[in-house]
Amino acid sequence: MSTVIFRTLAPLIVVIMLVFSLYICLRGHNEPGGGFIGGLIAAAAMAVFGMASGVGAVRRALRLDPLAIAGSGLFLAGASGLASLFIAAPFMTSIWLPIELGETVVPVSTPLFFDLGVYLVVFGTLAAIALSLESDREEEP
């Protein structure tokens, strides 16, 4: 797809999709959603950006190899499960730390870090697949 309308609207669509994917990821514990669905939406945003601008533009925008992003997500998800061993609790036991920000208390937890890790794994893996498929398509005459 190389229409002028698509190339013009693609950056706006991508930004909206990325913000929505983060929203879905962060609300996943109390309502439907989570890291997996958020990662799928973010990877779809990169596929849209790749169709509009090309694989090179997506790789420059990411600045990191998508598989490196997936590897860091895997490390983060695993580390969130191992954190419970430091308090002599079973593996993957939730740990909550309330952080006071002014008059607001923000609960930070190991499930949040697990979801972020899953988000990065799904995003990195599917972005790598989408970029690979897009680069194959660009090489054809």
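Okay, so let's go over this structure.

About the criteria used
- Residues numbered from 1 in each chain as written.
- Predicted model: local features only at pLDDT ≥ 70, side-chain atom pairs only at ≥ 80, totals over all residues.
- Heavy atoms only, no water.
- Helix = DSSP H or I, 4+ residues; strand = E, 2+ residues; numbered from the N terminus.
- Buried < 20%, exposed > 50% of the residue type's maximum accessible area, 1.4 Å probe, protein only.
- Contact = heavy atoms within 4.5 Å.
- Areas by Shrake-Rupley, 256 points an atom, 1.4 Å probe, with all protein chains shown as cover.
- Lys, Arg positive; Asp, Glu negative; His and termini not counted.
- Charge placed at Lys NZ, Arg CZ, Asp CG, Glu CD.
- Axes fitted to C-alpha atoms, helices over the stretch in contact; angles between N-to-C directions.
- Parallel < 35°, antiparallel > 145°, perpendicular 65-115°, else oblique.
- Nonpolar A, V, L, I, M, F, W, Y, C, P; charged D, E, K, R; others polar.
- Pairing = 2+ DSSP bridges.
- Core = buried A, V, L, I, M, F, W, Y, C linked by side-chain atoms within 4.5 Å.

### Focus: the overall build of the protein
Per the secondary structure count, the protein includes five helices and two strands. Within the span of the protein, comprising 141 residues, buried residues form 35% of the whole. When contacts within the protein are restricted to residue pairs at least 6 apart in sequence, long-range pairs at least 24 apart make up 64% of them. For the protein, the computed accessible surface area is about 8700 Å², with 72% contributed by carbon and sulfur atoms. Counting 6 positive and 10 negative side-chain charges, the protein places the averaged centre of each group 9 Å from the other.

### Some remarks on unusual backbone geometry
Unlike most non-glycine residues, Ala88 shows phi in positive territory, near 60 degrees. Following the sequence through the fold, Ala88 ends up in the loop between helix H4 (66–82) and strand S1 (96–101). Not every positive phi belongs to a glycine, and Met92 is a case in point at roughly 70 degrees. Along the chain, Met92 turns up in the loop between H4 and S1.

### Focus on the packing of helix H2 (residues 35–53) against helix H3 (residues 55–62)
Remark: H2 packs on H3, axes separated minimally by 7 Å, with the N-to-C direction vectors making an angle of 130 degrees. On the basis of the axis angle, H2 is oblique to H3. Where H2 approaches H3, its residues Met46, Phe49, Gly50 and Ser53 are matched on the opposing element by Val55, Ala57, Val58, Ala61 and Leu62. Here the contact of H2 with H3 is composed, by residue class, of seven nonpolar, two polar and no charged.

### Quick word on the packing of helix H1 (residues 4–26) against H2
Remark: H1 packs on H2, axes separated minimally by 8 Å, with the N-to-C direction vectors making an angle of 170 degrees. In terms of axis orientation, H1 runs roughly antiparallel to H2. Contacts between H1 and H2 involve Phe6, Arg7, Ala10, Ile13, Val14, Met17, Leu18, Phe20, Ser21, Ile24 and Cys25 on the former and, on the latter, Gly35, Ile37, Gly38, Ile41, Ala42, Ala44, Ala45, Met46, Val48, Phe49, Met51 and Ala52. Here the residues of the contact of H1 with H2 sort into 19 nonpolar, three polar and one charged.

### Re the pairing of S1
Here S1 lies mainly on the outside; zero of its six residues are buried. Note that S1 and strand S2 (residues 104–109) share six bridges and pair antiparallel. The residue bridging Ile99 from the neighbouring strand is Val106, located in S2. Two successive antiparallel strands, S1 and S2, enclose a turn made up of two residues, where Gly102 displays a positive phi of approximately 70 degrees.

### Looking at the environment of Phe20
Relative to the elements of secondary structure, Phe20 occurs in helix H1. For the pair Phe20 and Phe75, spaced 55 residues apart in sequence, the C-alpha separation works out to 24 Å.

### Brief notes about the nonpolar core
Ranked by size, the top nonpolar core spans 23 residues in total, and within it Val14, Met46, Val48, Val58, Leu62 and Phe123 carry the most contacts. Sorting the residues of this core by element identifies H1, H2, H3 and helix H5 (110–139) as the ones contributing at least two each. The greatest single-element share of this core, amounting to eight residues, is contributed by H2. Look past the residues within four positions of Val14 in its chain and what remains in contact with it is Ala45, Met46, Val48 and Phe49.

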